[in-house]
Each structure stands twice: as structure tokens, then as C-alpha cells.
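Analysis of the macromolecular model
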Amino acid sequence: SACTQPAAAPAPDPGGDPDPLPWWCTATAWGPGHGHHYEGRHKGDLSTADCDSVTTSFDAALAYAQQYPTAADAQAGGFERFVPYVAGMGTHDMPATGLAAAIADPSFDRFDPQFPGTAIDDVFDPTTPEFLQYDGNGLDAELVGMSWLVRTDDGMPPEGFAGGNDWWHSHPVLCFSTSFGVVIGEDTSESQCSSMGGVNRYLHDYWMVHAWIVPGMEYRIDVFENHHPCITAGGATWDPSDPCFDEAPSGGGHSGH
């Protein structure tokens, strides 16, 4: 896969291995802009062992995602849209495993939401992301990224990938359409969400992280950055010479909590 190919501008290995680290095992982001859980912390170069672990996970995750190179392929594979196209992220599509039914169940607690029978749970599987992301709302949209969503019960992000460069963020309040079950707003008031035909669900215990490893859409500054600056409001920019690929990570596009 793309993860095992030689990387551009590699960094020396802090563990002393003469082979350079690949780009996805290095990062320079720091706490501010990524949420208070990461205040005072810096990302950096992974050890050889942690880098090997992340690489193995990425290879498996990419192989899984590339089974669905377009939104049409994902739809044919049983995926449904969870979030329509958003700048910095694209869409969020997930396997259709009962999300709408879980939300419609009379026992569903929107203040402590849980989604039994779906891909959204408290299990982190680094080889199988919960969401695949596409560069538009149409069926011809191309795969640009992937993300994981994991529930915790201690108010802290999950342990996640080896090495600690994966800084997770949350979306505490999401407005779900009552007609279609998709997310139609974020951090809306009860009245705002209702006026849009939705109901707020409070997902304070759920944490998300992205991995920008799709060939042609790699974000080499920080593979786990919260957003990809080349996924603009008007669509994704696939030209690797575009300055958007060189923007410094800022935590923009999402807020970390």
C-alpha cells in the first residue's frame, strides 16, 4: 500500500535506527487548538516500534477503504451517509448497520446516546475505520479520507494508535434530521435544531480522529490533523503542488474538546 512506499522528506529515527522514519510517523503540532486534553503536549517522531505498529494499522485500514473508491461503491457495499459534505472533511459514510433504527427506538436516550448493533461503539479497531469520507455528495465522489469514532466512559479520549500522535476531538452536540437520520447541524440550540427538522443528540462521550492516508490526498504535515485544508467548500484539490498541502496544522475545521 501507499504506507509502505518510500516517504518524502523523512526524519531521523529517535530510537537510533539508521532507516529514516516515514512521513506518517512524524508531526510537529502542539496542544493549543487541539483541545485541553493536549495542553502542554507536543507531537513528535514516533519510535521504531510505534511507527511499525501505526504503519501496519494504516496498511490494513487503507486496504479496507480502497474497496470503496467512490461513493457509489460505498453505497453498493451497504454504506449510508452519516454527514453530508463539509469543508475540511468531506462526507462521513458508514456501514448501514441500524443507525436509523437505533435513533428511532423509543428507548433511545439522546442525552446519553448509544447505538447498539451499529459500527458506533466503545471498541477501537485501527484496521477498520467507522467512516469513509468522500469529496462530494454525488455518487461519483472519490475517497479522500477515513475516520474513527469511539465511545469512552471516563471523559478522556481513547488510547488509540501507538505513539500518541493521534489527538482525538469530539462533537458534543449534533443535530440529526428526524426524517433522514443524517447530521444537519452542530452545536445548535434546541430551537435551532428543531426549526431545521432535527433533534439534538449529545455525544460528549464520543471521540473522533482522522487519518489522511488516501493516495493523492495524504496530508504529510500531520497525518492525524483534524481537517484537510485541500478539502475546500467548493470541493477537493487533488493537485499536490497546491499550497494547501503545505499549510501548517492549526486544529481548524473542528474544535477539540
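Check the entry above for the structure.
Figured I'd write up the structure that's included with this text. (Residues numbered from 1 in each chain as written. Predicted model: local features only at pLDDT ≥ 70, side-chain atom pairs only at ≥ 80, totals over all residues. Heavy atoms only, no water.)

Topic: the pattern of salt bridges
In the structure shown here, the tally under the stated rule is 5 salt bridges. Across the salt bridge formed by Asp222 and Lys43, the nearest N and O atoms sit 2.8 Å from each other. With Asp222 in the loop between β8 (206-211) and β9 (231-232) and Lys43 in the segment before α1 (48-65), the pair connects residues that are 179 residues apart, well separated along the chain. Looking at Asp222, the relative accessible area reads 0%, which means it is buried. (Salt bridge = Lys/Arg side-chain N within 4 Å of Asp/Glu carboxyl O. Helix = DSSP H or I, 4+ residues; strand = E, 2+ residues; numbered from the N terminus. Buried < 20%, exposed > 50% of the residue type's maximum accessible area, 1.4 Å probe, protein only.)

Quick word on the environment of Tyr206
In this fold, Tyr206 is placed in strand β8. Once residues lying within four places of it in the same chain are set aside, the contact partners of Tyr206 are Pro113, Gln114, Phe115, Ile120, Leu149, Val150, Arg151, His169, Ser170 and His171. (Contact = heavy atoms within 4.5 Å.)

Here's the deal with the nonpolar core
Residues Phe58, Leu132, Tyr134, Met146 and Trp148 are the most contacted members of the largest nonpolar core, which totals 43 residues. Elements supplying a minimum of two residues to this core: α1, α2 (71-76), β1 (79-86), β3 (131-134), β4 (143-151) and β8. Take this core: its biggest share by element is 7 residues, from α1. Ignoring any residue separated from it by four or fewer positions in sequence, one finds Leu132 in contact with Tyr64, Ala65, Tyr68, Phe79, Thr91, His92, Asp93, Leu143, Gly145 and Met146. Phe82, Ile103, Val183 and Tyr206 belong to the second largest nonpolar core, which has 16 residues in total. (Core = buried A, V, L, I, M, F, W, Y, C linked by side-chain atoms within 4.5 Å.)

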